[in-house]
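Residue-level listing of the chains:
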Amino acid sequence: MRTALISALGVMLTLSACAKPPSQTRNACAIFEQRDGLFNNWRRAAVATEREYGVPVPILMATIYTESSFRHNAKPPRKMILGFIPGKRASSAYGYSQALDGTWERYQKETGRWGARRTDFADAIRFIGWYHRESATKVNIPLNDPYKLYLAYHSGHTGYLRGAYNKRPEALRGAKRFTDITYTYAKQLQQCPG
């Protein structure tokens, strides 16, 4: 009985620790070090996604950094009505990847991953790999061009082709931040132990 209780407490502590974002989100090595569990191993999930879709790990991780700051349940802020009444959210973006409802459903349908959840890191990073691969295939963006990949991720493929990001300063700022953190992560990952 006591062993079962200790095991249950250990599982609950592990799960609650996973709910919080890593403490050093600008350091890829530290992120992977903090999330190297047997069942929740972020490095393993990122490397598997890179192998499956050909998207470099630094770009995968930079997408999550830029979109959700590694918060599993991230959502866009609510619009305020009269300055204090919470209204609707700007979009249905949710989870690590900030994938929209419709895009996530298309991903599930096209990949057969019906059980995938946006709040699960491995599922979210696999979605990101799939989406960036789609950008390479449909919009002809090289998988090593973080700036353009982010613009396509932010604006959608149709919006990217129309140049919608040119009218959205937040998209251009996001693409710059995304590119900077991609190169930071790439440098760090070359020196990670293990």
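On a predicted model such as this, the values are computed, not experimentally measured, just so you know. (Residues numbered from 1 in each chain as written. Predicted model: local features only at pLDDT ≥ 70, side-chain atom pairs only at ≥ 80, totals over all residues. Heavy atoms only, no water.)

K.L.:
Go over helix H5 (residues 101-111), please, and point to the residues and values.
P.N.:
When we look at burial in H5, the residues that qualify are Trp104, Tyr107 and Gln108. All buried residues of H5 lie within an arc of 95 degrees about the axis, which places them on one face of the element. For H5, the secondary structure elements touched by its buried residues are helix H3 (42-53) and helix H6 (121-139). Among the residues trailing H5, glycine 112 stands out with phi positive, at a value near 75 degrees. (Buried < 20%, exposed > 50% of the residue type's maximum accessible area, 1.4 Å probe, protein only. Helix = DSSP H or I, 4+ residues; strand = E, 2+ residues; numbered from the N terminus. Arc of directions from axis to C-beta. Contact = heavy atoms within 4.5 Å.)

K.L.:
Mind laying out the side chain of histidine 157, listing which residues take part and the relevant values?
P.N.:
Of note, histidine 157 is situated in helix H7 (residues 146-162). Residue class for histidine 157 comes out buried when judged on its relative accessible area of 11%. Residues within four places of histidine 157 in sequence aside, it is in contact with Tyr131, Glu134, Ser135, Lys138, Val139 and Ala152.

K.L.:
Before we move on, can you summarise the packing of helix H4 (residues 57-68) against helix H8 (residues 169-189) with the specific residues and values?
P.N.:
For any two helices packed against each other, one specifies the crossing angle of their axes together with the interaxial distance. Here H4 crosses H8 at 135 degrees, and the two axes come no closer than 8 Å. By the angle between their directions, the pair H4 and H8 is classed as oblique. Remark: the crossing between H4 and H8 carries right-handed chirality. Within the contact between the two elements, H4 uses Val57, Pro58, Ile59, Met61, Ala62, Thr63, Tyr65 and Thr66 and H8 uses Gly174, Arg177, Phe178, Ile181, Thr182, Tyr185, Ala186 and Leu189. Of the residues contributing to the contact of H4 with H8, the split by class is eleven nonpolar, four polar and one charged. (Axes fitted to C-alpha atoms, helices over the stretch in contact; angles between N-to-C directions. Parallel < 35°, antiparallel > 145°, perpendicular 65-115°, else oblique. Left-handed = near helix turned anticlockwise from the far one by under 90°. Nonpolar A, V, L, I, M, F, W, Y, C, P; charged D, E, K, R; others polar.)

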